[in-house]
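Given next are the chains, with one letter for each unit.
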Amino acid sequence: MSAQTESVDEANRVEIFDTTLRDGEQSPGISLNTQEKVEIATQLARLGVDVIEAGFPITSPGDFEAVTAISQNVQGPVICGLARTQKADIEAAWGAIKDSARPRIHTFISTSDIHIEHQLQTDREDVKGQAKAAVAHARELCEDVEFSPMDATRADVEFTAEVCAIAIAEGAGVINIPDTVGYTTPDEYTAFLGRLYELVPGLADVRLSVHCHDDLGMAVANSFAGVLAGARQVECAINGIGERAGNCSLEEIVMLLRTRRVDHGLDTTVVTEELARTSRMVSRFTGYAVQPNKAIVGRNAFAHESGIHQDGVLKERTTFEIMDARDVGFESNQIVLGKHSGRHALQDALEQLGFVVEGNSLNQAFKRFKELADKKKQVTALDLEAIVSDEMREAAQGYDLAWFEVEAGTRREPVARVGITRPDGTEASGESGGDGPVDAVFGAIQAAVETECELNQYTVSAVGEGDDALGEVTVMLRAHGRLASGQGVSTDIIEASAQAYVRALANALEGAAIREAESIVDDAAAAPYPPGP
Ligand code: KIV
Ligand code: ZN
């Protein structure tokens, strides 16, 4: 039986604060456009998270636009915008989230001496003043305010308590205690939170939250310690993405709480059957592959290789499985379409997968589906997810792969020629040799776009199983000093590689252009966008 249907009382309900689109998006090379962010946020709402931290609106016009679009289009969860303590940050956050039915401003300032002295270059008194003013101002704009003392786990607990007490007195309803650098351990974190409860009586009347990074591989364990110590919000990200080694993995903490609920009584209201799909979507859009042995959502998380294990599972699943794969959304979707399936069947299948595709996008998706169904006997839910995501990228790109040809073999040097459609609609062509057909195509793309790139990462994986499976390629490259990723999907992996390369290059060029435009504004206004926390 899935524990999904059993309700959990409010006192034992742990809220899930998803920061995939904020802390997660700060991972190197991730370049999500607004449409992709809205798509991920919509899926997070289907997953049933309580809060979506949609971005850090002051950091760039692109971030501001994406947070605004999410606030206007995604219903259900609280939509949160991050802000430093500066007035301009708080106003930018409010400007971007104000259209949400449930807006929240999350403001933060460090309380560790190492940050106060070296990063902020100020003193404790000033930090107290900034926290007070920031929460007060945020509360003038928004009812729901969260405050974080950054780097709390390396800070003096007494001072952190003083700052938290100030934030609560000014009206913060959520106090989040970040392990910003992933340094703490479960025992130490438990003790830290316990001491805060003693020092700040008002903490019992607000929601305590935990935000743990994974530098020592302890993010989930520390977050779990946090909820056992009284926290009722966990900040986490799909696939554990985030700064450096990442954040607490959403799917892991959710399934830990669900699977061991009988022991501690705590649970979330996440629709766990949506976990696998959400993980695939985030991996696809970010270009961050999920390792096969990743807990909960890795391809092998429910695979049994040893004969003894296989034998046991066939006799009784629970002999070697502590969770049911269907509870996390594996093996649960039976959608199979074929070449005789019509537009309606496709639209219906896409709707079941959470994609609302109409008008021209439906025509385009149908065309793509028919092409695939001609090559593949059965088109599955996994294939549909892959092609719809691919169409979305296609629509958003400035550069496009118009055509390519490649000659290669073991008895000749490879040579590739490509045609690239530029953002202004004109076509550029390029030719190159290389170490193999894929390398030659990459060289030809660089020649066509007249840009040198350094390839950082190249991965190919199959969507589903079988000889006719779609190939999905992720490319991460650096161009004009900017690291960016791109993905491509096709039954032909050279075509998928070429698409992925063009998209990564387009993302890098766009990122570099935005950075240049921002630095012009910065120079003029002397108001730099801050680096992420
Ligand atoms: O890691 C951190 O401290 C953060 C804060 C902004 C909560 O991301
Ligand atoms: Zn963080």
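All values reported here derive from a predicted model rather than from experimental measurement.

Trainee: Give a description of the overall build of the protein chain that names residues and reports values.
Mentor: For the protein chain, the count of helices and strands is 17 helices and 16 strands. Taken against the 2.2 N^0.38 rule, which gives 24 Å for 533 residues, the C-alpha radius of gyration of the protein chain at 24 Å falls within 12% of a compact globule. Along the first, second and third principal axes, the C-alpha atoms of the protein chain reach 75 × 70 × 45 Å. Here the protein chain holds 533 residues, and 54% of them are scored as buried. In the protein chain, once contacts between residues fewer than 6 apart in sequence are set aside, the share between residues at least 24 apart is 66%.

Trainee: Mind laying out the packing of helix α6 (residues 157–169) against helix α7 (residues 186–199), listing which residues take part and the relevant values?
Mentor: One can describe the packing of α6 onto α7 by two numbers: an axis separation of 10 Å at closest approach and a directional angle of 50°. When the interaxial angle is binned, α6 and α7 end up oblique. Relative to α7, α6 is oriented so that their crossing is right-handed. Residues V157, E158, T160 and A161 of α6 form the contact with α7, whose own contacting residues are F192, R195, L196 and L199. For the contact of α6 with α7, the class distribution of residues is five nonpolar, one polar and two charged.

Trainee: Would you mind going over the coordination of the zinc ion (ligand 2) in detail, with residue names and values included?
Mentor: For the zinc ion (ligand 2), the protein coordination sphere consists of D23 (OD), H211 (NE2) and H213 (NE2), at 2.0 to 2.1 Å. Going along the chain, you hit the donors of the zinc ion (ligand 2) in the pattern D-x187-H-x1-H. With D23 in the loop between β1 (15–18) and α1 (34–47) and H211 in strand β7 (residues 207–212), this pair connects stretches of sequence that are 188 residues apart. With respect to class, D23 is no different from H211; both count as buried.

Trainee: I'd like a description of the packing of helix α2 (residues 61–73) against helix α3 (residues 87–97), backed by residues and values.
Mentor: One can describe the packing of α2 onto α3 by two numbers: an axis separation of 7 Å at closest approach and a directional angle of 40°. As far as their axial angle goes, α3 and α2 are oblique. Along the contact surface, α2 presents F64, V67, T68 and S71, while α3 presents A92, G95, A96 and I97.

Trainee: Can you break down the packing of aromatic side chains residue by residue, with the values?
Mentor: Tallied over the entire structure, the rule returns five aromatic pairs. Relative to F108, the ring of F56 has its centre 6.2 Å away and its plane inclined at 70°; by these criteria the two rings are edge-to-face. In this pair, F56 sits in the loop between β2 (51–55) and α2 while F108 sits in strand β4 (residues 103–110), placing the two residues 52 residues apart along the sequence. Residues F56 and F108 agree in their burial class; the two are buried. The structure contains a cluster of three or more aromatic residues connected by ring pairs, namely F442, Y458 and Y501.

Trainee: Explain the site of ligand 1 residue by residue, including any values.
Mentor: In the vicinity of ligand 1 lie twelve residues, with R22, D23, T180, H211 and H213 positioned nearest. Within the side chain of H211, an N or O atom sits 3.1 Å from an oxygen atom of ligand 1. Protein contact buries 99% of the 260 Å² of open area that ligand 1 shows by itself. Put simply, the parts of the chain that give the shell around ligand 1 at least two residues each are β4, β5 (145–150) and β6 (174–179). Of the residues assigned to the shell around ligand 1, the class counts are four nonpolar, six polar and two charged.

Trainee: Please set out α2 residue by residue, giving values where relevant.
Mentor: Compared with an ideal rise of 1.5 Å per residue, which puts 13 residues at 18 Å, α2 spans 18 Å between its outermost C-alpha atoms and is within 8% of the ideal. Those residues of α2 that sit buried are D63, A66, V67, T68, A69, I70 and S71. Looking at the buried residues of α2, the elements they touch are α1, β2, β3 (78–83) and α3.

Trainee: Would you mind going over α1 in detail, with residue names and values included?
Mentor: Taking 1.5 Å per residue as the helical rise, α1 with its 14 residues ought to reach 20 Å, and the 20 Å between its terminal C-alpha atoms agrees with that figure. Among the 14 residues in α1, ten count as buried, and that is most of the element. Within the span of α1, buried status applies to T34, E36, K37, V38, E39, I40, A41, Q43, L44 and L47. Put simply, N33 is the residue that caps the front of α1, since its side-chain oxygen is 3.1 Å from the backbone nitrogen of Q35.

Trainee: Explain the state of the cysteines residue by residue, including any values.
Mentor: Throughout the structure, instances matching the rule amount to zero disulfides. Free cysteine C80: the closest other cysteine sulfur is in C142, separated by 8.6 Å. Overall, C80 belongs to the buried group, its relative accessible area being 0%. Counting only cysteine sulfurs, C212 is the nearest neighbor of C164, a cysteine outside any disulfide, at a range of 15 Å. In this structure C164 comes out as buried when scored by relative accessible area, which is 1%.

Trainee: Could you give me a rundown of the environment of K367, with the residues and numbers involved?
Mentor: Mapping K367 onto the fold places it in helix α14 (residues 359–375). Residues K367 and R343, spaced 24 residues apart in sequence, show a C-alpha to C-alpha distance of 9.5 Å.

Trainee: I'd like to hear about the nonpolar core, residue by residue, with values.
Mentor: Counting 109 residues, the largest nonpolar core has I175, I177 and L384 as the members making the most contacts within it. The leading source of residues in this core is α6, at seven residues. If near-sequence neighbours (up to four positions away) are discounted, I175 is found in contact with F147, C164, A167, I168, L203, V206, R207, L208 and S209. Among the nonpolar cores identified, the runner-up in size contains 29 residues, and A416, A428, A448 and Y501 belong to it.

Trainee: Break down the pairing of β7 for me, citing the residues and quoting the values.
Mentor: Within β7, five of the six residues are buried, which leaves the element mostly enclosed by the surrounding structure. Taken together, the six bridges between β6 and β7 define a ladder with parallel strand orientation. Bridge pairing links N176 to S209 in β7. Each parallel crossover has a hand, and for β6 linked through α7 to β7 it is right-handed. Relative to strand β8 (residues 233–236), β7 is paired through three bridges, and the arrangement is parallel. Each bridged residue has a counterpart across the sheet, and for H211 the counterpart in β8 is E235. Handedness of the β-α-β unit built from β7, helix α8 (residues 219–228) and β8 comes out right-handed.

Thresholds, definitions, all that
- Residues numbered from 1 in each chain as written.
- Chains lettered and ligands numbered in written order.
- Predicted model: local features only at pLDDT ≥ 70, side-chain atom pairs only at ≥ 80, totals over all residues.
- Heavy atoms only, no water.
- Helix = DSSP H or I, 4+ residues; strand = E, 2+ residues; numbered from the N terminus.
- Rg over C-alpha atoms; globule rule 2.2 N^0.38 Å.
- Buried < 20%, exposed > 50% of the residue type's maximum accessible area, 1.4 Å probe, protein only.
- Contact = heavy atoms within 4.5 Å.
- Axes fitted to C-alpha atoms, helices over the stretch in contact; angles between N-to-C directions.
- Parallel < 35°, antiparallel > 145°, perpendicular 65-115°, else oblique.
- Left-handed = near helix turned anticlockwise from the far one by under 90°.
- Nonpolar A, V, L, I, M, F, W, Y, C, P; charged D, E, K, R; others polar.
- Donors = N, O, S within 2.8 Å, 3.2 Å for Na, K, Ca; no water.
- Phe/Tyr/Trp six-rings, centres within 6.5 Å; stacked < 30°, edge-to-face > 60°.
- Near = heavy atom within 4 Å.
- Polar contact = N/O pair within 3.5 Å; in protein donor to acceptor, adjacent residues only side chain to side chain.
- Areas by Shrake-Rupley, 256 points an atom, 1.4 Å probe, with all protein chains shown as cover.
- Expected span 1.5 Å × (residues − 1).
- Disulfide = S-S within 2.5 Å.
- Core = buried A, V, L, I, M, F, W, Y, C linked by side-chain atoms within 4.5 Å.
- Pairing = 2+ DSSP bridges.
- Right-handed = clockwise from strand over helix to strand, strands pointing away.

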